[in-house]
Amino acid sequence: AVKYLQEYIKLSPNKGPGYALLSRMHLNMREYAKAIETGKLAAQTMPDSGSSWYILAQAYSYQPTKQDWNAAVDAYQHVIKLVPNWANAHYELGRALEKLGKKEDAITSYRTAINFAPTKGKYQYQLGHLLVDTGKTEEGQRVIAASQKYIKLNSEEEIWTTKAATKPKDPENYYQLGLIFAQYNDYVKAKQCFEATMALSPTYKDARAQWNRVSPLAGGTK
């Protein structure tokens with residue numbers, strides 16, 4: 001894959017996507033210095049691409065020095081300027097800040113990540129532990145306890161999403177996703193999943209009853 005990407009970069013007038021994907025490949029292979037080198041080229045050629053800056057930030061964050069972590073912070077902040085509501089960029093910025101010992105700034109970043117993705121359990125878990133670590137024990141323990149429900153649901157969501165991708169004609173996959181999204185209070189997605197279930201199997205379990213329940217909450221009609 002690296003070989004073909006290098007050939008693409010050599011031949012294409014639009015090299016940016018090649019550099020970005022090559023940086024991701026090096027990152028996946030834990031070749032962090034090469035990931036940084038190609039990530040810089042991706043960011044230079046596509047300065048308005050949040051994804052390119054995100055990959056570069058990740059490469060820096062895996063390096064062992066404070067200089068690299070500071071570079072990661074700068075890159076994540078650049079991502080956020082380009083894509084302000086990218087929850088995971090705020091979360092990863094928090095992790096980089098935490099490595100640098102900037103705990104209060106990290107707490108702020110984690111809170112922002114949760115604001116954009118309130119059902120992401122790992123965001124809440126990380127925030128909770130940092131709150132405890134900084135003496136905010138009562139709030140931290142409360143956040144950690146709340147995270148457990150979402151961590152479980154996040155894991156189940158990943159499982160059923162994978163199943164839906166591999167078996168898109170199995171109504172059970174969409175039915176289970178609908179139940180999960182309903183527990184997130186994301187009634188729009190829950191409604192869509194129950195509709196997908198009934199499109200595949202009109203009388204499947206209680207999909208119709210679930211659809212009737214979430215539709216008004218999603219702003220739909222029966």
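Enquirer: Lay out the side chain of Ser61 in plain terms, naming residues and giving numbers.
Expert: Examined against the element boundaries, Ser61 turns out to sit in helix α4 (residues 50–61). Judged by relative accessible area, which is 11%, Ser61 ranks as buried.

Enquirer: Give me the lowdown on helix α2 (residues 16–28), citing residues and values where you can.
Expert: Taking 1.5 Å of rise per residue, 13 residues should cover 18 Å, and α2 covers 18 Å from first to last C-alpha, within 8% of that figure. When α2 is considered as a whole, its buried residues turn out to be Gly16, Gly18, Tyr19, Ala20, Leu22, Ser23, His26 and Leu27. Its buried side turned inward, α2 meets α1 (2–11), α3 (32–45) and α4. In the segment just after α2, Arg30 is the residue with positive phi, at about 60 degrees.

Enquirer: Give a description of the packing of α3 against α4 that names residues and reports values.
Expert: One can describe the packing of α3 onto α4 by two numbers: an axis separation of 8 Å at closest approach and a directional angle of 155 degrees. The angle between α3 and α4 falls in the class roughly antiparallel. Seen from above, α3 lies across α4 with left-handed handedness. Side by side, α3 and α4 meet where Tyr32, Ala35, Ile36, Gly39, Lys40, Ala42 and Ala43 of the first sit next to Ser52, Trp53, Leu56, Ala59 and Tyr60 of the second. Taken together, the residues of the contact of α3 with α4 break down into nine nonpolar, two polar and one charged.

Enquirer: Account for the layout of surface pockets, with residues named and values stated.
Expert: The computed volume of the largest pocket comes to approximately 190 Å³. Taken together, Ala117, Thr119, Lys120, Asn154, Glu157, Glu158, Phe181, Tyr184, Asp186 and Lys189 make up the lining of the largest pocket. No other element matches helix α9 (residues 137–166), which puts three residues into the lining of the largest pocket. Considered class by class, the residues forming the lining of the largest pocket number three nonpolar, two polar and five charged.

Enquirer: Give a detailed account of the packing of aromatic side chains, specifying residues and quantitative values.
Expert: For the structure on display, the rule yields nine aromatic pairs. Relative to Trp86, the ring of Tyr54 has its centre 4.7 Å away and its plane inclined at 15 degrees; by these criteria the two rings are stacked. Pair noted here: Tyr54 is in helix α4 and Trp86 is in the loop between α5 (66–82) and α6 (87–99), with a separation of 32 residues, a long-range link. The class of Tyr54 is buried, set by a relative accessible area of 7%.

Analysis parameters
Residues numbered from 1 in each chain as written. Predicted model: local features only at pLDDT ≥ 70, side-chain atom pairs only at ≥ 80, totals over all residues. Heavy atoms only, no water. Helix = DSSP H or I, 4+ residues; strand = E, 2+ residues; numbered from the N terminus. Buried < 20%, exposed > 50% of the residue type's maximum accessible area, 1.4 Å probe, protein only. Expected span 1.5 Å × (residues − 1). Contact = heavy atoms within 4.5 Å. Axes fitted to C-alpha atoms, helices over the stretch in contact; angles between N-to-C directions. Parallel < 35°, antiparallel > 145°, perpendicular 65-115°, else oblique. Left-handed = near helix turned anticlockwise from the far one by under 90°. Nonpolar A, V, L, I, M, F, W, Y, C, P; charged D, E, K, R; others polar. 1 Å grid on protein atoms, 1.4 Å probe; cavity = no way out; pocket = protein on both sides within 12 Å on 5 of 7 lines; lining within 4 Å. Points joined across faces, edges and corners; volume = space filled by probe spheres on them. Phe/Tyr/Trp six-rings, centres within 6.5 Å; stacked < 30°, edge-to-face > 60°.

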